[in-house]
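Okay, here's what each chain looks like letter by letter:
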Amino acid sequence: MAVSRMDLADAASPDRIVMEIFKHEPNLPIPVPIESLCRQLDISAVQPLQTAGYEGGLITDRDKCDGIILFNANSPETRKRFTIAHELGHFLIPSHVPSADGQFLCSQQDMFRLSAGERDKRHRMEVEANRFASRLLLPAKQFRIDVAASKDPDIQQVAALARRYNVSKEALGRAYAEFREEPTAILITKDGKLLRSYVPPTKFPFLSVRNGSPIPRQSLLWRRRHEVGIASDLDEADAGVWIDIERGKRAPTLYEQVLPQKQGFAMILLTIDPPADDDHDPDGDRTAKERLQHRQAQWRR
Ligand SMILES: [Zn+2]
């Protein structure tokens, strides 16, 4: 490997740092060799965490000359990889300063954090470290091509890409919702309740089911019998079950697909076709980018 800390000296944001890494390492294989990359970037050791109740940690000093990354040894390989990338983010993002004892300790909840209040500096650091990890493990140039490879959004593609990139289905799913051209959302459920949802705000309408709420009875999760590990087909659903439909407006066509997982977990993919304005289909004349802009404009209306 050729990249060094010096190459990243002018980069401050997660996206910019990842961009510089790939600029200097254009031929990194997939899955990204995260531990080798850590060592190349002044991490002296990557080792199991001794403190219970945390998913990851970073031991460093205020100047961050070098660092030791810690991970939860009991977690699955995919989660460990994400944690290690997340901690590398804390190490490389210049504004992330360790606590007085020279440590970052991050919980499992921190690894899922995608938004934070303006004033909450610690949470903002977690959000940035997650963005860094996602961008690093799913290199945009290749990921964009892989995500566009299937004609329609498909939960089986999410599972296959998770294997290819060696990340969890959830980490893959949230990037999938962001990168897929069609408005697509990924939901994680546990014991029939919504645990977390990944809804790209500029592409997908506001979800009317809140985190912690039961999954509506009309959902495909309940309408069919499912087997663990076997994805359902993409099935048309009543859009009003998942999103608010304004009075007088036509509902878009919404499709649902379910992948039941072990221990009561399930992943649900939602995707929509916006309602046509009239009988003429102007989409036919548009490029993919214009179609996307048109759809976004429709949802903002
Ligand atoms: Zn963290």
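So, how was this worked out
Residues numbered from 1 in each chain as written. Predicted model: local features only at pLDDT ≥ 70, side-chain atom pairs only at ≥ 80, totals over all residues. Heavy atoms only, no water. Helix = DSSP H or I, 4+ residues; strand = E, 2+ residues; numbered from the N terminus. Rg over C-alpha atoms; globule rule 2.2 N^0.38 Å. Areas by Shrake-Rupley, 256 points an atom, 1.4 Å probe, with all protein chains shown as cover. Domains from an automatic or database assignment. Contact = heavy atoms within 4.5 Å. Buried area = accessible area lost by both parts, 1.4 Å probe. Salt bridge = Lys/Arg side-chain N within 4 Å of Asp/Glu carboxyl O. Polar contact = N/O pair within 3.5 Å; in protein donor to acceptor, adjacent residues only side chain to side chain. Nonpolar A, V, L, I, M, F, W, Y, C, P; charged D, E, K, R; others polar. Pairing = 2+ DSSP bridges. Axes fitted to C-alpha atoms, helices over the stretch in contact; angles between N-to-C directions. Left-handed = near helix turned anticlockwise from the far one by under 90°. Donors = N, O, S within 2.8 Å, 3.2 Å for Na, K, Ca; no water. Tetrahedral: all angles 85-135°; square planar, octahedral: opposite > 155°, others 65-115°. Buried < 20%, exposed > 50% of the residue type's maximum accessible area, 1.4 Å probe, protein only. Expected span 1.5 Å × (residues − 1).

S.K.: Would you mind showing me how to read the overall build of the protein here?
M.R.: Across its full length, the protein holds 10 helices and 9 strands. Relative to the compact-globule value of 19 Å for 301 residues, the protein shows a C-alpha radius of gyration of 21 Å, a close match. With the C-alpha coordinates aligned to their principal axes, the bounding extent of the protein is approximately 65 × 45 × 35 Å. Carbon and sulfur atoms form 49% of the exposed surface of the protein, whose accessible area is close to 15,800 Å².

S.K.: Help me understand the domain arrangement of the protein in this model?
M.R.: How big an interface is tends to be expressed through the accessible area that disappears when the partners come together. For the protein, the assigned domains read domain 1 (5–137) and domain 2 (149–300). On a C-alpha basis, the centroid separation for the pair domain 1 and domain 2 is 29 Å. With 13 residues of domain 1 at the interface, the matching set in domain 2 holds 13 residues. For the domain 1 face of the interface with domain 2, the top three residues by lost area are I30, T78 and F112, together amounting to 42%. Where domain 1 packs against domain 2, one counts 1 salt bridge. At the junction of domain 1 with domain 2, the criterion picks out 4 residue pairs in polar contact (both at pLDDT 80 or more). Of the residues contributing to the side of domain 1 that touches domain 2, the split by class is 7 nonpolar, 2 polar and 4 charged.

S.K.: Sorry if this is basic, but what is going on with the sheet that holds strand 2 (residues 56–60) here?
M.R.: What links the strands of a sheet is backbone hydrogen bonding, and the strands pair in either a parallel or an antiparallel sense. Strand order in the open sheet made by the 4 strands is 1-3-2-4, with mixed pairing throughout. Edge strands, defined here as strands with exactly one partner in the open sheet, are strand 1 (43–48) and strand 4 (103–106). Between one strand and the next, the sheet's axes are offset by a mean angle of 10 degrees, whatever the strand orientation. Pairing of strand 2 with strand 3 (residues 67–71) involves 5 bridges; the strand directions are antiparallel. Paired with I59 across the strands is I68, a residue of strand 3. Across the sheet, helix 3 (residues 77–92) touches strand 1, strand 2, strand 3 and strand 4, and the angle it forms with strand 3 is around 150 degrees.

S.K.: What is the right way to read the packing of helix 7 (residues 155–165) against helix 8 (residues 169–179) from this model?
M.R.: A pair of packed helices is captured by two measures, namely the crossing angle of their axes and the spacing between those axes. The interhelical angle for the contact between helix 7 and helix 8, taken along N-to-C directions, is 115 degrees, at an axis separation of 9 Å. Read as a crossing pair, helix 7 and helix 8 show a hand that is right-handed. Residues Q157, V158, A159, L161, A162 and Y165 of helix 7 touch helix 8, and the partners they reach there are K169, L172, G173 and Y176. When its residues are assigned to classes, the contact of helix 7 with helix 8 shows 7 nonpolar, 2 polar and 1 charged.

S.K.: Sorry, what's going on with the coordination of the zinc ion here?
M.R.: Octahedral metal centres with six donors ideally show angles of 90 or 180 degrees, and tetrahedral centres with four donors ideally show 109.5 degrees. Listed as protein donors to the zinc ion are H86 (NE2), H90 (NE2), C106 (SG) and E126 (OE); their distances from the metal cover 2.0 to 2.2 Å. Of note is the zinc ion, whose 4 donor atoms meet at the metal with angles of 89 to 126 degrees in an arrangement that counts as tetrahedral. Written as a sequence motif, the donor residues of the zinc ion are H-x3-H-x15-C-x19-E. With H90 in helix 3 and C106 in strand 4, this residue pair connects regions lying 16 residues apart in the sequence. For H90, a relative accessible area of 0% corresponds to the buried category. By relative accessible area, C106 is classed as buried at 0%.

S.K.: When you look at helix 5 (residues 121–137) in this model, what are you seeing that I'm missing?
M.R.: Because an α-helix packs 3.6 residues into every turn, residues spaced three or four apart end up facing the same way. Look at helix 5: 24 Å from first C-alpha to last across 17 residues, which is about the 24 Å you get at 1.5 Å a residue. Within helix 5, the full set of buried residues consists of M125, E126, V127, A129, N130, F132, A133, S134, R135, L136 and L137.

S.K.: Quick question: what am I supposed to make of the pairing of strand 5 (residues 184–190) here?
M.R.: Every regular strand shows the same layout, with side chains that alternate between the two sheet faces. Burial analysis of strand 5 places 6 of its 7 residues in the buried class, which makes it a mostly covered element. Where strand 5 and strand 9 (residues 265–273) come together, 7 bridges link them in antiparallel fashion. Along strand 9, the bridge assignment pairs K190 with F265.

S.K.: I'm lost on the environment of P94 in this one. Help?
M.R.: Along the chain, P94 falls in the loop between helix 3 and strand 4. Take P94: its relative accessible area is 48%, and that puts it in the partly exposed class. Other than its neighbours up to four places away in sequence, P94 contacts A11, A12, I17 and K64.

S.K.: Would you take a moment to explain helix 8 for this structure?
M.R.: Extensive coverage of helix 8 is indicated by the burial of 9 of its 11 residues. For helix 8, the set of buried residues is E170, A171, L172, G173, R174, A175, Y176, A177 and F179.

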